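# Residue-level structural notes
Chain residues, written in single-letter form:
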Amino acid sequence: MLKKILDYTPGIKMPNKAVGYIPLGSYLASCNKINYATIGAIITSGKVCNMCPTMVSNDPLTAEADAIQFYAHLKGVRNLPERVVVQEWGIGNGRFALDFLRKLGGLDIAGGTNYLERIKYVLVDFSSSIIAYARYNLKGFERNTEFVKFDLSEDINIYKGETIYIRSNELYDDLPGIIDLKKQGDTYYMGYVLPGADRNPIRPGNGGNIEYKKIDINDLPLGPMIDSYFKHYQLEHDLINVGAVQSIINAHSLLSPQGYIQIFDYAAREPGRSRIRWTDWRQPTSDVNFHFLIYALQYYGYPAPVFQQQEEYLSLIHKDRYFIAPPEDDLPERPASSSDPYYMACFDALMGIAKRTEGKYWFKEVEIFEAFRAITKDDFKALELLGILTK
């Protein structure tokens, strides 16, 4: 199926002006392929991006939460095989795997189990430099780990029927197969761009170089399902990724009967709101349309996935309420005044906590509460302002 997608949205290469307009998805796929092949190890090092919503490269919270959940899952599996296979698709700098395996070892010690000894942790990525960097970071876990160089824009077929857990972080926004669609009545239009060496064709304010050309929806891979999705949500415009759908279906085919899949990525919160976004290293990418992925899985008869915001997930697993620290230029503006004598001071304290999270990304609700209590000298007032300022 993915080959059909790439045939429809021309191959992975950087075109020039002479080529003319190409599908937006082809342009994004070209950028992603070039970026991760050439500077992937730098991107995933954490030196470029200091504030990524789902970044796990420098912060262990997500990996530890996943290990806690995985450990609980293993304890509930009857007749667990001697070899327990985990696959990570798109491996970053290897720090997620490192923190995950370390936490799992700690849970073994606390629980009197030996799951870590049985783990075969398979790290899959297409970039040689990323694999080399991750291998270096995972020194000491050679017995548990295996590295597989593979382009996940194609179906992979390893450890089929054995894999008990497949996870990825910020993979689906980079897979080819992104399609920009508009719908007027019963007619669909697909977004095309005109790339050129002297400009970025989709940067906001560059003169509007995306053009929409009429298409037959049934010519697209998964066309009838896409049409059903647009009609179900009464959409006029959305970004979808048929490559991500195929990837999830591929992952399902590898799972053991006790297996599960976990995906972390940035997403639009409502159907029809997925848009192009920009990384700190000026790479164009897109929101992952989880609403479309969930709809597609149910359409094809797969179990309905659970959709959670990362703050909610971390709070549930770690038993503390967590907040993500936004980039400094996304922090709310300080209000001019307030009738509450403590409001302004508490607002400033909250912003100070958010700005101090360099390399951490997350902070606890209790940290905010303690700061507010120090200002108000009143538990109830601190709780009141906590509810107002973190809603």
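Look up a bit, the structure's there.
Residues numbered from 1 in each chain as written. Predicted model: local features only at pLDDT ≥ 70, side-chain atom pairs only at ≥ 80, totals over all residues. Heavy atoms only, no water.

### With respect to the pairing of strand β6 (residues 178-184)
- With five of seven residues buried, β6 is to be regarded as a mostly interior element.
- Alignment of β6 against strand β9 (residues 237-241), held across five bridges, turns out to be antiparallel. Looking at β9, one finds that I179 is bridged to I240.
- The pairing of β6 with strand β7 (residues 187-193) spans four bridges and is classified as antiparallel. Opposite Q184, over in β7, you have T187 as the bridge partner. (Buried < 20%, exposed > 50% of the residue type's maximum accessible area, 1.4 Å probe, protein only. Helix = DSSP H or I, 4+ residues; strand = E, 2+ residues; numbered from the N terminus. Pairing = 2+ DSSP bridges.)

### Looking at the packing of helix α7 (residues 223-233) against helix α9 (residues 290-299)
- Direction vectors running N to C along α7 and α9 enclose 120°, while the axes themselves pass 10 Å from each other. On the basis of the axis angle, α7 is oblique to α9. Along this stretch, α7 crosses α9, giving a crossing that reads as right-handed. Counting all contacts with α7, which are made through P224, M225, I226, S228, Y229, H232 and Y233, the residues of α9 involved are H291, F292, Y295, A296 and Y299. (Axes fitted to C-alpha atoms, helices over the stretch in contact; angles between N-to-C directions. Parallel < 35°, antiparallel > 145°, perpendicular 65-115°, else oblique. Left-handed = near helix turned anticlockwise from the far one by under 90°. Contact = heavy atoms within 4.5 Å.)

### Things to note about the packing of helix α3 (residues 61-75) against helix α10 (residues 310-318)
- Two elements in contact, α3 and α10, have axes whose closest approach is 10 Å; the angle formed by their N-to-C orientations is 55°. Of the possible angle classes, the one that applies to α3 and α10 is oblique. Here the hand of the crossing between α3 and α10 comes out left-handed. Here L61, T62, E64, A65, D66, I68 and Q69 of α3 lie close against α10, whose contacting residues are Q310, Y313, L314, I317 and H318.
- Among the residues making up the contact of α3 with α10, the classes are represented as six nonpolar, four polar and two charged. (Nonpolar A, V, L, I, M, F, W, Y, C, P; charged D, E, K, R; others polar.)

### A short note on the sheet that holds strand β2 (residues 84-89)
- Reading across from one edge, β4-β3-β2-β5-β10 is the order of the five strands in this open sheet, with parallel pairing throughout. Strand pairing shows two members of the sheet lacking a second neighbour, β4 (145-149) and β10 (255-264), which therefore form its edges. Across this sheet, the average inter-strand angle for adjacent strands is 20°, counted without regard to direction.
- Bridge count for β2 against strand β3 (residues 119-125) is six bridges, and the pairing is parallel. Residue pairing in the sheet places E88 in a bridge with L123 of β3.
- Packing against the sheet, α3 makes contact with β2, β3, β5 (163-169) and β10, and its axis sits at approximately 160° to β10.

### Concerning the packing of aromatic side chains
- Applying the stated criterion across every chain, the model contains 17 aromatic pairs.
- An angle of 25° between the planes, with centres 4.8 Å apart, marks the rings of Y165 and Y260 as stacked. Here Y165 is found in strand β5, whereas its partner Y260 is found in strand β10, with 95 residues between them in sequence.
- With relative accessibility at 0%, the residue Y165 sits in the buried group.
- Assessed through its relative accessible area of 17%, Y260 is described here as buried.
- Ring plane angle 75° and centroid distance 5.2 Å describe the contact between Y229 and F292, whose orientation is recorded as edge-to-face. Here F292 lies in helix α9 and Y229 lies in helix α7, a separation of 63 residues in the sequence. (Phe/Tyr/Trp six-rings, centres within 6.5 Å; stacked < 30°, edge-to-face > 60°.)

### Considering unusual backbone geometry
- Phi at N79 takes a positive value of approximately 55°, unusual for a residue other than glycine.
- In this fold, N79 is placed in the loop between α3 and β2.
- Of note, Q234 is a non-glycine position whose phi angle comes to about 55°, a positive value.
- Taking relative accessible area as the criterion, Q234 reaches 71% and is therefore assigned exposed.

### Here we look at the nonpolar core
- Formed by 43 residues in total, the largest nonpolar core has its most connected members in W89, L181, I226, F292 and L293.
- Elements with a minimum of two residues in this core: β2, β3, β6, β7, α7, α8 (242-254) and α9.
- In terms of residue count, α8 provides more of this core than any other element does, seven residues in total.
- Non-local contacts of L293, meaning those with residues more than four positions away in its chain, are made with Y172, N241, A244, V245, I248 and V288. (Core = buried A, V, L, I, M, F, W, Y, C linked by side-chain atoms within 4.5 Å.)

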